[in-house]
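# A structural walkthrough
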Amino acid sequence: GVLNIHLLTPFPPTSHQNSQYVCETASRLLFLSVHWARQTGPVFLNLLYSTQVSLMRSSWSDLFLLCLAQCREQISIPAILTAIASTLQSSLGQDVRTLARTKDLATTLKSICKVLNRIEEFNLEPEEFAYLKLCCLFNPDESSEDLRSITEPVVDCVLTAFQRFYLKNQKDGGRLAKLLLLLSSVKNIAADLLEELFFPGMVGSVKIDSVIPYILTMGEGVGQYKHAIDNSNFLQTRVCNTLSSEKQ
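Quick look at the structure, then.

What counts, and at which threshold
- Residues numbered from 1 in each chain as written.
- Predicted model: local features only at pLDDT ≥ 70, side-chain atom pairs only at ≥ 80, totals over all residues.
- Heavy atoms only, no water.
- Helix = DSSP H or I, 4+ residues; strand = E, 2+ residues; numbered from the N terminus.
- Buried < 20%, exposed > 50% of the residue type's maximum accessible area, 1.4 Å probe, protein only.
- Axes fitted to C-alpha atoms, helices over the stretch in contact; angles between N-to-C directions.
- Parallel < 35°, antiparallel > 145°, perpendicular 65-115°, else oblique.
- Left-handed = near helix turned anticlockwise from the far one by under 90°.
- Contact = heavy atoms within 4.5 Å.
- Nonpolar A, V, L, I, M, F, W, Y, C, P; charged D, E, K, R; others polar.
- Core = buried A, V, L, I, M, F, W, Y, C linked by side-chain atoms within 4.5 Å.
- Phe/Tyr/Trp six-rings, centres within 6.5 Å; stacked < 30°, edge-to-face > 60°.
- Expected span 1.5 Å × (residues − 1).
- Polar contact = N/O pair within 3.5 Å; in protein donor to acceptor, adjacent residues only side chain to side chain.
- Salt bridge = Lys/Arg side-chain N within 4 Å of Asp/Glu carboxyl O.

Our focus in this paragraph is unusual backbone geometry. The backbone phi angle of N123 is positive, close to 50°, even though this residue is not glycine. Within the secondary structure, N123 is located in the loop between helix 5 (99-122) and helix 6 (126-137). For N123, a relative accessible area of 52% corresponds to the exposed category.

Let us look at the packing of helix 3 (residues 49-70) against helix 5. Orientation of helix 3 relative to helix 5, taken along the N-to-C sense of each, is 55°, at an axis distance of 10 Å. With respect to helix 5, the element helix 3 is oriented oblique. Crossing angle aside, the handedness with which helix 3 passes helix 5 is right-handed. Within the contact between the two elements, helix 3 uses L65, L66, L68 and A69 and helix 5 uses I112, L116 and I119. Its residues assigned to classes, the contact of helix 3 with helix 5 comprises 7 nonpolar, no polar and no charged.

Soluble globular proteins: nonpolar side chains tend toward being buried together. Counting residues in each nonpolar core, the largest one holds 71 residues, and the members touching the most others are F44, M56, W60, I112, I119, L137 and F198. Residues in contact with L137, not counting those within four places in the same chain, are W36, A37, T40, F44, L55, M56, S59 and L63.

If you walk through the whole model with that rule in mind, you get 8 aromatic pairs. Summarising the aromatic geometry, the rings of W60 and F199 are spaced 6.4 Å apart at their centres and angled 75° between planes, so their arrangement reads as edge-to-face. A residue pair is termed long-range when its members are at least 10 positions apart, and W60 in helix 3 and F199 in the loop between helix 9 (191-198) and helix 10 (208-216) qualify at 139 residues. Accessibility expressed as a relative area gives 2% for W60, which makes it buried. Accessibility expressed as a relative area gives 0% for F199, which makes it buried. With a centroid separation of 4.7 Å and 20° between ring planes, the pair formed by Y131 and F162 is classed as stacked. Placement of the pair is Y131 in helix 6 and F162 in helix 7 (residues 145-168), with a sequence separation of 31 residues. Each member of the pair, Y131 together with F162, is buried.

Over its 20 residues, helix 1 (residues 19-38) runs 29 Å from end to end, which matches the ideal 28 Å to within 8%, given 1.5 Å per residue. Taken across its 20 residues, helix 1 has 19 buried, putting it largely inside the fold.

Tracing the chain through its elements places R57 in helix 3. For the pair formed by R57 and D209, sequence separation is 152 residues and the distance between their alpha carbons is 5.8 Å. For R57, the side chain forms a polar contact with the main-chain oxygen of D209, separated by 2.9 Å.

Where charged atoms from two side chains of opposite charge come close, those side chains can pair. Following the criterion strictly, the structure yields 5 salt bridges and no others. The salt bridge partner of E196 is R101, with a shortest N-O separation of 2.8 Å. With a gap of 95 residues between them, E196 in helix 9 and R101 in helix 5 connect regions that are remote in the sequence. Here R101 falls in the partly exposed class, since its relative accessible area comes to 26%. E121 is the partner of R118 in a salt bridge, and the nearest nitrogen-oxygen pair spans 3.0 Å. In this pair, R118 and E121 are both assigned in helix 5, 3 residues apart and thus about one turn of the helix distant. The class of E121 is exposed, set by a relative accessible area of 56%. A single network of salt bridges, built from pairs that share partners, joins R101, D192 and E196.

Shape descriptors only; they carry no functional weight alone.
Here's what the structure looks like:
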C-alpha cells in the first residue's frame, strides 16, 4: 500500500567497519529506497517510466537518508559514519580529490550527522517516515513544470492525510510543522556529495542516476529485490570491486 513501512533486509555485519561495509550497506539502502517507491502503488506505478525515473533521480538521496534513519535498529549508523570519516581522512594524503572538495565532503558529513541525530530525537513513528518519504518522492519544488504538474496534486493529498493522521491519533498538530522543517534540512544535503561519501567506489565510473533506471525495471516481487541485493549482480559488485582494486 501507499504507506508501506517495512524495510526488512539482511544488512552486512559490523565486524568489518570499512569502505566495503559502507558500500554494501549503502547499496542495500538504495535498493530499499527504490523498492519502497514502487510499493506506493498506482500513484507511482501508473506514471510513465520516464517520469518514475525523473522522480527517483531527484529524490533518491532524501529517501536514502530517511531509510538510513528508519533502519537504525538494524544497522549501526555510528559505525557507518565513523567508517566514512576514516576513509575521508585517509584520502587526504593520497591526492584523491582537491582539498576544497574534501572540505565540502567533511562539512556534508557533519550535516548528515546532525540531521540523523535530529530525526532520532523525534522518535518518528513508521507512518511519519512514510509521509515524509512521500513528500520527498513527490516534491512540489521540482525544477520541471511538467513534473510539478504531477507532484503538486499528490503532495497536497499527502499533507492533508498527514494532518489527519495527527488529528485521528490526537497528537500534537504542531509536530507536523516541525517535521516539515526537519525535511528541509534533509533536502539541503547535496546528492552528489552524499553519493561520494556513501558510494566512493562509484565516483568517476558509475553514477546513481544511471543505476536508478536499472533498479526500476526489476520485477515487483520482494524476492527479486532480495536476489539482487544478496547476489550483488550489478551495483554492489561494481562498487566493492572498484574499491578492492584501488587498494591493491
